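# Secondary and tertiary structure notes
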Amino acid sequence: MTAIQQDHPPEQPHPSEQAQGHGHGHSHGHSHGHGPATPVSARLRKIIAAVLIPFTVAVVAGLIVLWPGGTPDHKAHGRSGLGFDQTTVAGRVVKVEEVNCADVNAQPQAPTEPGQDGAAQNGAPGQGGSSGPSGQGGKKSVCEKATIEVTSGKDKGRTFPEIVQPNASRHFSAGQELKLAYAPKAPKELQYSVSDVDRSMPMALLAGLFALAVVVVGRLRGVFALVALAISFGVLTLFILPAILQGSNPLVVAVVGGSAIMLIALYMCHGLTARTSVAVLGTLVSLLLIGVLGSLFIGWASLTGNTDDQTGLVHGLYPNIEIRGLLLAGVIIGSLGVLDDVTVTQTSAVWELRDADPTTSRRKLYGAAMRIGRDHIASVVNTLVLAYAGASLPLLLLFSIADSGVGTVATSEIVAEEIVRTLVGSIGLVASVPVTTALAVLVVSADRTPAADGGAKRAADAGGAQAPQPAQAPQPARTGRGGRGRRRRAKGR
């Protein structure tokens with residue numbers, strides 16, 4: 001810039017200078033808007049690596065030590081105690097017809113409602129009582145008789161009837177695809193029964209639409225996000241669940257597995273950069289806080305974690321599993337996904353704000369990023385609370401029916417467990433915003449303040465020296481035109 005000013009008169013700015021200024025502005029905006037994050041210095045990369053490399057090594061070592069080996073007990077004995085591993089074949093509904101329930105020896109049982117006190121059993125009309133020839137107060141009850149055909153396996157083509165009572169939650173339609181349970185040791189007419197509806201097509205279509213939307217909007221990053229999602233699911237099913245079943249501490253397994261998922265997902269989706277590393281550090285600090293608070297309040301509130309049928313069944317089949325640790329592990333894994341979103345967003349906000357104004361101070365940069373973070377906090381906490389409320393909606397309905405007081409409901413173990421889970425996770429999310437923002441501000445300010453300030457100062461000085469030139473440049477031309485006008489007027493005289 002100085003050489004250009006020396007080579008050309010001040011009253012005639014060189015066109016190449018304007019072109020260079022325009023090209024520089026375009027390149028600057030393009031690099032920050034669409035390109036990778038501005039790299040940090042080698043010194044800061046070494047500092048970040050000194051923290052994250054030992055952490056990564058510890059995670060890998062934990063995966064190796066805790067990786068489940070051998071055959072799980074339920075597979076070694078050929079059973080799991082559940083119905084999920086039974087032999088199934090494909091089936092299809094051939095036809096559905098209405099029949100009298102009494103003709104097929106099906107006695108419908110109406111669901112008992114609060115306040116009935118056994119009225120249905122006493123033969124109240126219309127309540128499924130036993131009076132009358134059909135057990136409905138003298139009225140005939142209509143059932144559905146579905147003819148089911150086996151469409152796979154060695155008995156392909158065999159048909160059997162399935163009776164559906166009028167108060168059943170599931171009804172069949174002709175042509176509907178089903179999953180059939182097969183019991184080879186049962187009598188021939190009872191070997192097959194309807195296990196579930198075949199949902200393969202709608203589930204596959206929904207998954208395909210999800211993947212298409214992610215790839216269309218996210219492009220290459222969307223592809224990486226899908227790969228990271230598949231890897232995360234693999235860590236969950238191949239490491240976390242089997243390791244817990246083999247007796248490893250659920251909390252330790254969740255910390256190691258969750259950390260592996262965090263490292264893989266963040267670096268795969270956002271690249272191996274200092275910006276991503278700051279997000280990893282912020283997520284790690286927040287997870288540590290969630291673990292400490294969760295352990296403290298789960299113990300203080302005397303929560304056992306054994307509050308539903310599924311947990312009780314797992315504890316009955318595997319008494320060695322520490323159920324309270326399983327509860328805390330669920331809190332950590334459940335908070336991990338939202339934490340990644342918050343920390344990445346805050347780190348990106350700090351980097352972009354710094355690129356937009358390299359001369360801003362640390363205080364102003366932190367304040368601007370925190371204003372973005374506060375909006376994020378409000379939406380994320382609301383989302384987390386509503387997610388837990390939606391998952392527990394049937395439970396909340398039961399408490400509403402029982403007309404229990406708010407204090408009684410909130411302090412009951414089954415609800416207190418969800419409250420602790422929600423609030424501990426929310427505290428971790430809220431804390432992740434200032435922690436991640438502060439880390440990001442320290443990194444970008446410590447790394448780029450001298451160079452950025454110096455460059456900005458030189459640009460400002462050069463711009464200040466050159467600013468008056470466009471206003472001064474036309475002066476000689478106006479003076480010349482005025483002289484020629486005076487000469488023309490003198491000649492006319």
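Residues numbered from 1 in each chain as written. Predicted model: local features only at pLDDT ≥ 70, side-chain atom pairs only at ≥ 80, totals over all residues. Heavy atoms only, no water.

### Comments concerning the sheet that holds strand β2 (residues 142-150)
Test applied: Note on pairing: DSSP must find at least two bridges between two strands before they are called paired. Secondary structure is summarised from DSSP: a helix means a run of H or I of at least four residues, a strand means a run of E of at least two, and numbering begins at the N terminus for each. Axes here mean lines fitted to C-alpha atoms, for a helix over just the part in contact, with angles spanning 0 to 180 degrees between N-to-C directions.
A sheet is described by the order of its strands in space; here five strands give the open sequence β3-β2-β1-β4-β5, paired in antiparallel fashion. The open sheet is flanked by β3 (159-164) and β5 (192-197), the only strands paired with a single partner. Strand-to-strand, the axes of this sheet are offset by a mean angle of 45°, without reference to chain direction. Here nine bridges tie strand β1 (residues 88-100) to β2, and the two strands are oriented antiparallel to one another. Paired with E98 across the strands is E144, a residue of β2.

### Some words on the confidence of the model for the protein
Applied cut-off: The pLDDT value expresses, per residue, how confident the predictor is, ranging between 0 and 100. Contacts are residue-level and defined by heavy atoms, with any inter-residue pair within 4.5 Å sufficient.
For the protein, the mean per-residue pLDDT works out to 74, and 71% of the residues sit at or above 70. Taken as a whole, residues 1-35 scores under 50 in pLDDT and shows 22 contacts with residues more than four places along the chain or in a different chain. Within the model, pLDDT remains below 50 along residues 449-493, and this stretch shows 17 contacts once partners closer than five positions in the same chain are excluded.

### Description of the side chain of T347
Along the chain, T347 falls in helix α9 (residues 323-356). Apart from residues lying up to four places away in sequence, T347 is in contact with R275, V278, A279, T436 and A440.

### Some thoughts on a nonpolar patch on the surface
So the rule is basically this: Note on patches: the residues involved have over 30% relative accessible area and no salt bridge, like charges join within 9 Å, and the nonpolar side chains Val, Leu, Ile, Met, Phe, Trp and Tyr join within 5 Å. Using a 1.4 Å probe, the Shrake-Rupley method yields the accessible areas, and only the shown protein chains count as cover for residues. The term salt bridge refers to a pairing of a side-chain nitrogen on Lys or Arg with a carboxyl oxygen on Asp or Glu at a separation within 4 Å.
On the surface, V215, L220, V223, F224, V227 and I231 cluster together to form a nonpolar patch covering roughly 430 Å² of accessible area. Secondary-structure assignment places V223 in helix α5 (residues 200-245).

### Describing helix α7 (residues 274-300)
Put simply, the test is: An expected span of 1.5 Å times one less than the residue number is assigned to each helix.
Over its 27 residues, α7 runs 39 Å from end to end, which matches the ideal 39 Å to within 8%, given 1.5 Å per residue. Positive phi appears at S302, one or two residues downstream of α7, with a value of about 55°.

### Overview of the state of the cysteines
Here is the rule we go by: When the sulfur atoms of two cysteines come within 2.5 Å, that pair is taken as a disulfide. Between buried and exposed lies partly exposed: a residue is buried under 20% and exposed over 50% of the maximum accessible area for its type, with that area taken using a 1.4 Å probe on protein chains only.
Using the criterion set out here, one finds one disulfide in the structure. A sulfur-sulfur distance of 1.8 Å marks the disulfide that ties C101 to C143. Across the S-S bond of C101 and C143 the torsion is about 105°, and the bridge reads as right-handed. On the criterion of sequence distance, the pair formed by C101 in the loop between β1 and β2 and C143 in strand β2 is long-range, its members being 42 residues apart. The exposure classification of C101 matches that of C143, with both residues buried.

### A short note on the packing of aromatic side chains
Operational definition: Stacked, tilted and edge-to-face pairs are distinguished by plane angle, under 30 degrees for stacked and over 60 for edge-to-face with tilted covering the rest, among Phe, Tyr and Trp rings (Trp via its six-membered ring) whose centres lie within 6.5 Å.
Summed over all chains, the structure comprises four aromatic pairs. Measuring from centroid to centroid gives 6.4 Å for F160 and Y192, while their planes differ by 20°, and the two rings are stacked. On the criterion of sequence distance, the pair formed by F160 in strand β3 and Y192 in strand β5 is long-range, its members being 32 residues apart. Grouping residues by exposure puts F160 and Y192 together as buried. Residues F297 and W300 carry aromatic rings whose centres are separated by 5.8 Å and whose planes lie at 35° to one another, so their mutual orientation is tilted. Of the two residues, F297 and W300 are both situated in helix α7; the distance of three residues between them amounts to about one turn of the helix.

### Examining the pattern of salt bridges
The tally for this structure, following the rule as stated, stands at eight salt bridges. In this structure, E149 engages R92 in a salt bridge whose closest nitrogen and oxygen atoms are separated by 3.1 Å. Within this pair, whereas E149 is found in strand β2, its partner R92 is found in strand β1, the two being separated by 57 residues in sequence. Connected through shared salt-bridge partners, K154, D155 and R158 make up one network.

### So, unusual backbone geometry
Generally, phi is negative for residues other than glycine and the peptide bonds are trans, each holding for most cases. Of note in this structure, R219 is not a glycine but carries a positive phi near 55°. Using a relative accessible area of 65% as the deciding quantity, one classes R219 as exposed. Unlike most non-glycine residues, S302 shows phi in positive territory, near 55°. Position of S302 among the secondary structure elements: in the loop between α7 and α8 (309-317).

### Considerations on the UniProt feature "transmembrane region" (unreviewed entry) in the protein
What counts, and what does not: UniProt positions are given in the numbering used here, feature names are shortened, and annotations may be inferred rather than shown by experiment.
The sites that UniProt annotates as "transmembrane region" (unreviewed entry) are residues 47-67, 200-217, 224-245, 251-269, 278-301, 321-339, 380-402 and 422-444. The span residues 47-67 shows a helical share of 95% and a strand share of 0%, and its end C-alpha atoms are spaced 31 Å apart. As a span, residues 251-269 carries 100% helix and 0% strand, and end to end its C-alpha atoms are 26 Å apart.

### Focus on the pairing of strand β4 (residues 177-182)
As paired elements, β1 and β4 share five bridges and run antiparallel to each other. The residue bridging T88 from the neighbouring strand is A181, located in β4. The sheet contact formed by β4 and β5 spans five bridges and is antiparallel. What sits directly across from K179, in β5, is D196.

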